[in-house]
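The lines below spell out each chain.
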Amino acid sequence: MAKNGSISNSVIKRLPRYYRFLGELLKQDIVRISSRELSVRMKLTASQIRQDLNCFGGFGQQGYGYNVEELHNEIGKILGVDKNFNTILIGAGNLGRAIATHINFESRGCKLIGIFDNNPEITGESVSGLEIIHTDKLEAFCKRNKPVVAILCIPKANTQAIADMLVKMGVKAFWNFSHYDLSIEYEGIAVENVHLGDSLLTLTYGANHL
Ligand code: NAI
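No experiment lies behind these values; they were computed from the predicted model shown. (Residues numbered from 1 in each chain as written. Predicted model: local features only at pLDDT ≥ 70, side-chain atom pairs only at ≥ 80, totals over all residues. Heavy atoms only, no water.)

## Regarding the pattern of salt bridges
Thought 1: Within the structure shown, the criterion is met by 4 salt bridges.
Thought 2: A salt bridge links Glu192 to Lys13, with the nearest nitrogen and oxygen atoms 3.2 Å apart. Taken together, the residues span a long stretch of sequence, with Glu192 in strand S9 (residues 190-193) and Lys13 in helix H1 (residues 9-27) at a distance of 179 residues.
Thought 3: Classification of Glu192 as partly exposed rests on a relative accessible area of 38%.
Thought 4: Lys13 sits in the exposed class, given a relative accessible area of 58%.
Thought 5: As a salt-bridge pair, Asp52 and Arg14 come within 2.6 Å of each other at their nearest N and O atoms. Taken together, the positions of Asp52 in helix H3 (residues 46-54) and Arg14 in helix H1 put the pair 38 residues apart, joining distant regions of the chain. (Salt bridge = Lys/Arg side-chain N within 4 Å of Asp/Glu carboxyl O. Helix = DSSP H or I, 4+ residues; strand = E, 2+ residues; numbered from the N terminus. Buried < 20%, exposed > 50% of the residue type's maximum accessible area, 1.4 Å probe, protein only.)

Printed below as a string of structure tokens:
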């Protein structure tokens, strides 16, 4: 299996989609698939698929194609879906609650263990089976539970201070929804900045160039 460091960013960005498609094939009891068949289903070129999947070595076989389960498992391992990373969410407003409620964390390598907010009026409310905890207790919680992943659903102005503290407490990865680019600040920390508005703009570009 290839190490993460040897795989280009653009391939990494495509891995979740391969993982999802292969998972759907598994559900349909499809045991093997050629790069041509996969390319038709995924609307990629067969050569792109071969190039991408060659990064993991030894999966495709001339005349056989790919073993769906094997490839799904290997991509899952590379993505870390078997890791069960302790995960906390900061900011239990509209967005934070939607994410806590609707994302299936466990099938994506994360275990949501704490939800925090600095508004005392909502402390103790239950979201997705967890009580919202006041951020006063965040540091002590981190010392005890050692979260690896933090999801930030707080306003831009508060993001840097919280992120600095979390990095000190050992958090290694941020799923960052606040409109603040954390990756500029930290080296050696994984940051995924999510901007739904950017996705909409990609769509409007498409609509604008039909
Ligand atoms: P909201 O106002 O409903 O919730 C924000 C929550 O964060 C509140 O409960 C507030 O008490 C809490 N909070 C504020 N500062 C905090 C701190 N320092 N520590 C802990 N909790 C803190 O807002 P909503 O709609 O949930 O959005 C949250 C943020 O996400 C906003 O800044 C918004 O701009 C952004 N957003 C980003 C999107 C994206 O695609 N990246 C999409 C939608 C919203």
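Still to come is the rest of the account.
## Remarks on the site of the ligand
Thought 1: For the ligand, the set of nearby residues contains 20 residues, the closest of which are Asp117, Asn158, Phe177, Val194 and Leu196.
Thought 2: Within the side chain of Asn158, a nitrogen or oxygen atom sits 2.7 Å from a nitrogen atom of the ligand.
Thought 3: Between the ligand and Phe177 there is a distance of 2.7 Å, counted from a nitrogen atom to a backbone nitrogen or oxygen.
Thought 4: Relative to its unbound accessible area of 850 Å², the ligand is 74% covered by the protein chains.
Thought 5: Elements that contribute at least two residues to the shell around the ligand include exactly helix H5 (94-102) and helix H7 (156-168). (Near = heavy atom within 4 Å. Polar contact = N/O pair within 3.5 Å; in protein donor to acceptor, adjacent residues only side chain to side chain. Areas by Shrake-Rupley, 256 points an atom, 1.4 Å probe, with all protein chains shown as cover.)

## Concerning the pairing of strand S7 (residues 149-152)
Thought 1: Of the two faces of S7, both are covered, the one formed by Val149 and Ile151 as well as the one formed by Ala150 and Leu152.
Thought 2: With 4 bridges connecting them, strand S3 (residues 85-90) and S7 associate as parallel partners. Within S7, the position partnered with Ile88 by the bridge is Ala150.
Thought 3: For S7 and strand S8 (residues 173-176), the ladder comprises 4 bridges, and the chain directions are parallel. In the strand pairing of S8, Ile151 is matched with Trp175. (Pairing = 2+ DSSP bridges.)

## Comments concerning unusual backbone geometry
Thought 1: Positive phi values are uncommon outside glycine, yet Lys43 reaches one of about 55°.
Thought 2: You can see Lys43 is positioned in the loop between helix H2 (35-42) and H3.
Thought 3: A positive phi angle is found at Ser128, which is not glycine, with a value near 50°.
Thought 4: By the element assignment, Ser128 lies in the loop between strand S5 (126-127) and strand S6 (130-134).
Thought 5: Residue class for Ser128 comes out partly exposed when judged on its relative accessible area of 45%.

## Considering the pairing of S3
Thought 1: When S3 meets strand S4 (residues 110-117), the two strands line up parallel, connected through 6 bridges. The partner of Phe85 across the bridge, within S4, is Cys110.
Thought 2: Between the parallel pair S3 and S4, the chain is carried across by H5, and the sense of this crossover is right-handed. (Right-handed = clockwise from strand over helix to strand, strands pointing away.)

## Description of the sheet that holds S3
Thought 1: Here we have 7 strands laid out as an open sheet, ordered S5-S6-S4-S3-S7-S8-S9, and mixed in their pairing. On the outer flanks of this sheet lie S5 and S9, each paired with one strand and no other.

## Things to note about the state of the cysteines
Thought 1: Under the defined criterion, the tally for this structure stands at 0 disulfides.
Thought 2: Cys110 supplies the cysteine sulfur nearest to Cys142, a cysteine that is in no disulfide, at a spacing of 15 Å.
Thought 3: As a non-bridged cysteine, Cys153 has Cys110 as the owner of its nearest cysteine sulfur, 13 Å distant. (Disulfide = S-S within 2.5 Å.)

## A few points about the nonpolar core
Thought 1: Counting 20 residues, the largest nonpolar core has Ile88, Ile90, Leu138, Leu152, Leu166 and Phe174 as the members making the most contacts within it.
Thought 2: Elements with a contribution of two residues or more to this core: S3, S4, helix H6 (138-145), S7 and H7.
Thought 3: In this structure, Ile88 is in contact with Leu112, Ile113, Gly114, Phe116, Leu138, Phe141, Cys142, Pro147, Val149, Ala150, Ile151 and Leu166, ignoring residues within four places of it in sequence.
Thought 4: Ranked by size, the runner-up nonpolar core spans 19 residues in total, among them Ile7, Val11, Leu38 and Val68. (Core = buried A, V, L, I, M, F, W, Y, C linked by side-chain atoms within 4.5 Å. Contact = heavy atoms within 4.5 Å.)

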